[in-house]
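# Residue-level structural notes
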Amino acid sequence: MLYNDYIKKFIMSRPTIAEGFANAQKCVGKKVVEVLGDIDTKNKGQVGSKFENHLGIPTTSERCDYPDPGDCKTLKFKNGKPNECCDIIMLQEILHEAMNNVSFRESSVYEKIQRVHFAPINRDGEVEEWTFGETFIISDYDEKWNSIYEQMEKDYNHITERIRTLVNSGGYIRARDVNQGSTVKIIEIRPKGQGGGKSKNTWNGRTITKSTAKSAYSYYFKHTGVKTIWNHYQSL
């Protein structure tokens, strides 16, 4: 089989974001364990992985879950509202983009979030009572989401400018110094990875996270940012 044919076959083996959304709609209102089977609550990523596999998304090293492109994200809800932040992509693998002033729509962050299929999971009560909530898609190609993407671009520009400033001055990156609190509204960086200093961010051979840092950093949708996205969806 020719390489291009192999790639085409691989891409076609994954559902489009529209197909994934349609499959997810069939789960709305159902109990998670009835759809996905037993859930290990100690394994934080298990629900998301099982759900993606249920939609037909294979477990691969591809950056985006959907080939057209787009990403699928389960969201933790409690009492009908978003209850936590949501990971986007590890900073280290794309740190060169921040340092080289790559624009928002040319960035890997944008590649991941230009379309996002969100699947809320109502985690009220014991795991046996968890249910799938109302699934929805945000898209930079839908004008209804213009204000959200405008803010995300502002957040991205602020974060990457702060990273460049801190690193180029010989300093360290810390979430509070990069995000600067409520300056960023939807996207932020926060620790993710092995704790105890076992994971760290480096640039040109220099460690740019402090020795006291919990771990390396990742781009995230802020908890309040997820609330903003959900509230915007509810208003449409």
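This text gives an overview of the structure that appears in the document. These numbers come from a predicted model, not from an experiment.

## Details of the overall build of the chain
A count of helices and strands for the chain gives 9 helices and 10 strands. Against the globule reference of 18 Å for 236 residues, the chain gives a C-alpha radius of gyration of 18 Å, in line with a compact fold. Referenced to the eigenvectors of the C-alpha coordinate spread, the extents of the chain come out at roughly 55 × 50 × 40 Å. When burial is assessed residue by residue, the chain has 46% of its 236 residues classed as buried.

## Notes on the side chain of Arg164
Turning to its location among the elements, Arg164 is positioned in helix α7 (residues 146–168). Among buried charged residues, Arg164 stands out as having no salt bridge; its nearest opposite-charge side chain is Glu161, 5.9 Å away. Reaching out from Arg164, the side chain makes a polar contact with the backbone oxygen of Ala98 at a distance of 2.8 Å.

## Quick word on α7
Here α7 contains 23 residues, and its C-alpha end-to-end distance of 33 Å stays within 8% of the 33 Å for a straight helix at 1.5 Å per residue. Downstream of α7 by one or two residues, Gly170 has phi in the positive range, about 85°.

## Side note on the layout of surface pockets
Estimates place the volume of the largest pocket at around 1000 Å³. For the largest pocket, the lining is made up of 36 residues, of which Gly45, Glu52, Lys73, Asp87 and Lys192 are closest to its centre. Mapped onto the lining of the largest pocket, the elements with two or more residues apiece are α4 (46–55), β1 (71–78) and β3 (86–90). If you tally residues by element for the lining of the largest pocket, the top one is β1, at 6 residues. The residue inventory of the lining of the largest pocket, partitioned by class, reads 12 nonpolar, 8 polar and 16 charged.

## Quick word on α4
Burial in α4 covers these residues: Gln46, Val47, Gly48, Phe51, Glu52 and Leu55. Where α4 is buried, its residues meet α2 (17–25), α3 (32–36), β1, β4 (115–122) and β5 (131–132). Just downstream of α4, Gly56 is the residue with a positive phi angle, here 100°.

## Comments concerning the pattern of salt bridges
With the rule as written, the count across this model stands at 12 salt bridges. For Arg190, the salt bridge goes to Glu188, with nearest N and O atoms at 3.2 Å. According to the relative accessible area criterion, Glu188 is buried, its value standing at 10%.

## Brief notes about the state of the cysteines
What the rule picks out here adds up to 0 disulfides. Just so you know, Cys27 is unpaired, no disulfide at all, and the nearest cysteine sulfur is the one on Cys72, 10 Å from it. Residue class for Cys27 comes out buried when judged on its relative accessible area of 2%. You can see Cys85 has no disulfide; the closest cysteine sulfur is in Cys86, sitting 7.7 Å from it. You can call Cys85 buried: its relative accessible area is 18%.

About the criteria used
Residues numbered from 1 in each chain as written. Predicted model: local features only at pLDDT ≥ 70, side-chain atom pairs only at ≥ 80, totals over all residues. Heavy atoms only, no water. Helix = DSSP H or I, 4+ residues; strand = E, 2+ residues; numbered from the N terminus. Rg over C-alpha atoms; globule rule 2.2 N^0.38 Å. Buried < 20%, exposed > 50% of the residue type's maximum accessible area, 1.4 Å probe, protein only. Lys, Arg positive; Asp, Glu negative; His and termini not counted. Salt bridge = Lys/Arg side-chain N within 4 Å of Asp/Glu carboxyl O. Polar contact = N/O pair within 3.5 Å; in protein donor to acceptor, adjacent residues only side chain to side chain. Expected span 1.5 Å × (residues − 1). 1 Å grid on protein atoms, 1.4 Å probe; cavity = no way out; pocket = protein on both sides within 12 Å on 5 of 7 lines; lining within 4 Å. Points joined across faces, edges and corners; volume = space filled by probe spheres on them. Nonpolar A, V, L, I, M, F, W, Y, C, P; charged D, E, K, R; others polar. Contact = heavy atoms within 4.5 Å. Disulfide = S-S within 2.5 Å.

On their own, these measurements won't tell you what the molecule is for.
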